[in-house]
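A look at the structure
Given next are the chains, with one letter for each unit.
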Amino acid sequence: MMKKHLVMAVVPFLALGCGDDFKDENGDGIADGIREPDSVTVVTPATPKGTVSGQVLTTDLKPLSEASVEITIGSSADPLAGTTDAKGNFEFKDVPAGSQVLLTFTKAGYATLRATAEIPSSAGNVPINNANVSFGPVTLTRLDGSLRFLLVTPQGRPAANVRATLEASPAGNLVLLNGDSTPAVVSTVVVEATSDDQGALVFQGVPTAQELARLTGGQYRLWVSAVDSNSDGVPETNGFVSTYPAGTVVASGTTRLINLPYSRTSNVELNVEGSNVAMLRGAADPHPLRNMVRPGEPIYLYFNQPVQQSSLLVRLTDEYAKEALPVTVALGNGGYTATITPGNGVVQTGKEYNLDLRAVSAENGDLYSRTGFFFGGEPGTVTPVTIAEARYQETSLTAPTSQQLNAGELVYINFSSPVFTPFSGGDGSSVQVFFNVDIDNNGTVGRTSFGEVGNYSGQGFLLNIDEPTSPYQTRVLNPEMPVFPISHSSYSTRYSFTYSGVGIIPSTTTMQVAFSKQGERGVIQTYQSIWGQPLTTDLTINSVATQPVPVPAP
């Protein structure tokens, strides 16, 4: 018992004295002059060091001698270099503990591999010296393989002069890093090539499929650039991307046929994806504000695929389709865009126009054909609607009744810009027209007289939309035909009513279109302009022009 107490008293005494009596001048973590260190004579090293070592092998696990190994320590600009011995081994000593190191493995004819690690400076709370970091075994693939692809255009022709990139990964492997099964490793081979006149794309100097298949996840990844054979900045075909597992290439060969895709989705109909005239787009949109073109502004088209240069046909006419209006057209961006420019001064505010458009796809020969309408004007600048003209269709060839409005004759009211009606013809809800004249010759205007100003109780002439599809007819034989068949927009400058009064009215009589009187008849819907503005103000005109009777056949 006395002996046990004596030993416990001596140990603290030795431990207290080691700080002054033991030194470590050589930095090996052991007090100088001590041959058999114990827990007392081990001191904290001033500058702990470590060792980096490993082995480099081929993918079939044979030693790779004379391989270059460079180690970059921390942020040092100058790496240390070494080579592997006959057994593929390498070693770097006196590497500062706690530092990050980057190892680069290279050899001519083999892939390059880079790996990182940190040199440990302690084991738990105990400082250590001469710690070893083991890299390996490291495997590198040989670069003596090739991979071949055949590129074909969507039209079935060889795709020549097409650039492509092939990536083989992983081209090397690090089995263990200090027991870590997921080492920080980078090893990839990237090769570029250009297809020849026959569309052959050959990549040389890549790992063979057999070698790459030995590595976990070994694969080839291919990127083929888009084809722009005429260098106009618009590709004729899209690019191509695919991944080929190395094991699949081993099983099915190294020559692959690649049909390059159309620059847009193949086998779809040619269409207009974008335009400032919404009627021409894929889903025709008739809203006037989305079909409004400023005077002097071109019409722009953006096709979903390129158009043949000589195939684009554009015709332009107004609402009455009486004559073709001047227009020029130009394709751009390899046929993907078109600019339609009406002649100087053709497009005017408040007028409706019709377009006939045809084009042929340069990719699949599909035909695009569309007849659409648009309006002249500035969407944000509203122009008031007025009556531009009134005229009646003369039905008699005898002189006494000319220049006079007779019962049964059709009267046209032409507004200054197209107008929309919410009512269908003949439903009794249309706006009414009244004459400021004593139609029934009872000595007064209005009150209870049908069609006279002042009688707004539903006893006026109903004005209905009379949107034209052809010009006014002036002859019976070979009547005027439209420039091309036009489509209705449901907005029109031309409205009409049939005069059914009992009296004959002079052509200088004032007419009133009573927009303001709709509410008196319990109607809450209103006519509106192409700018979406409701028409609630009465409009008048003081004379009616004559539309001559069509000339009869001789």
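Before going into details, it helps to say that this report is about the structure given with it.

Cut-off values and rules
Residues numbered from 1 in each chain as written. Predicted model: local features only at pLDDT ≥ 70, side-chain atom pairs only at ≥ 80, totals over all residues. Heavy atoms only, no water. Salt bridge = Lys/Arg side-chain N within 4 Å of Asp/Glu carboxyl O. Buried < 20%, exposed > 50% of the residue type's maximum accessible area, 1.4 Å probe, protein only. Pairing = 2+ DSSP bridges. Helix = DSSP H or I, 4+ residues; strand = E, 2+ residues; numbered from the N terminus. Axes fitted to C-alpha atoms, helices over the stretch in contact; angles between N-to-C directions. Core = buried A, V, L, I, M, F, W, Y, C linked by side-chain atoms within 4.5 Å. Contact = heavy atoms within 4.5 Å. Phe/Tyr/Trp six-rings, centres within 6.5 Å; stacked < 30°, edge-to-face > 60°.

**Structural notes on the pattern of salt bridges**
Scanning all chains against the criterion turns up 13 salt bridges. Here Glu297 makes a salt bridge to Arg294, at a shortest N to O gap of 3.6 Å. Residue classification places Arg294 among the partly exposed positions, given a relative accessible area of 38%. Between Arg475 and Glu480 there is a salt bridge, with the nearest N and O atoms lying 3.3 Å from each other. Taken together, the salt bridges that share partners define one network made up of Arg142, Asp144, Glu211 and Arg214.

**A closer look at the sheet that holds strand 24 (residues 337–342)**
Strand order in this open sheet of 4 strands is 19-21-24-23, and the pairing throughout is antiparallel. Unpaired on one side and paired on the other, strand 19 (272–275) and strand 23 (327–332) mark the two borders of the sheet. Shown here is a sheet whose adjacent strand axes are inclined to one another by a mean of 20°, direction ignored.

**Let's talk about the nonpolar core**
Formed by 30 residues in total, the largest nonpolar core has its most connected members in Leu280, Ile299, Leu301, Phe303 and Phe374. Going through the elements one at a time, strand 20 (292–293), strand 21 (299–303), strand 22 (313–318), strand 24, strand 25 (352–360) and strand 26 (367–376) are the ones with two or more residues in this core. The contact partners of Leu280, leaving out residues within four places of it in the chain, are Val272, Ser275, Ile299, Leu301, Leu355, Leu357, Tyr368, Arg370 and Gly372. Judged by nonpolar contacts, the second largest core, of 28 residues, contains Val385, Phe423, Phe497 and Val513.

**Concerning unusual backbone geometry**
Residue Pro170 is bonded to the preceding Ser169 through a cis peptide linkage, with omega at -15°. Of note in the backbone geometry, Leu61 takes a positive phi value of approximately 65° without being a glycine. Relative to the elements of secondary structure, Leu61 occurs in the loop between strand 1 (49–58) and strand 2 (68–73). By relative accessible area, Leu61 is classed as exposed at 59%.

**Quick look at the packing of aromatic side chains**
Scanning the entire structure with this criterion turns up 21 aromatic pairs. For the pair Tyr412 and Tyr472, a centre-to-centre distance of 5.3 Å together with 70° between the ring planes defines the contact as edge-to-face. Here Tyr412, found in strand 29 (residues 410–420), pairs with Tyr472, found in the loop between strand 32 (464–465) and strand 33 (491–498); they are 60 residues apart in sequence, far enough to count as distant.

**Looking at the sheet that holds strand 25**
Sheet strands associate in pairs through backbone hydrogen bonding, adopting either a parallel or an antiparallel arrangement. With mixed pairing, the 4 strands of this open sheet are ordered in space as 20-26-25-22. Because the sheet does not close on itself, it has two edges, and the strands there are strand 20 and strand 22. Pairing analysis gives 6 bridges linking strand 22 to strand 25, with the strands arranged antiparallel. Bridging across to strand 25, Asp318 finds its partner in Tyr353.

**Focus on the pairing of strand 11 (residues 163–169)**
As judged from the 6 bridges shared by strand 11 and strand 14 (residues 189–194), these two strands associate in the antiparallel manner. Looking at strand 14, one finds that Ala164 is bridged to Ala193. In terms of strand pairing, strand 11 meets strand 16 (residues 219–224) through 6 bridges, oriented antiparallel. Across the sheet, the residue bridging to Ser169 is Gln219, located in strand 16.

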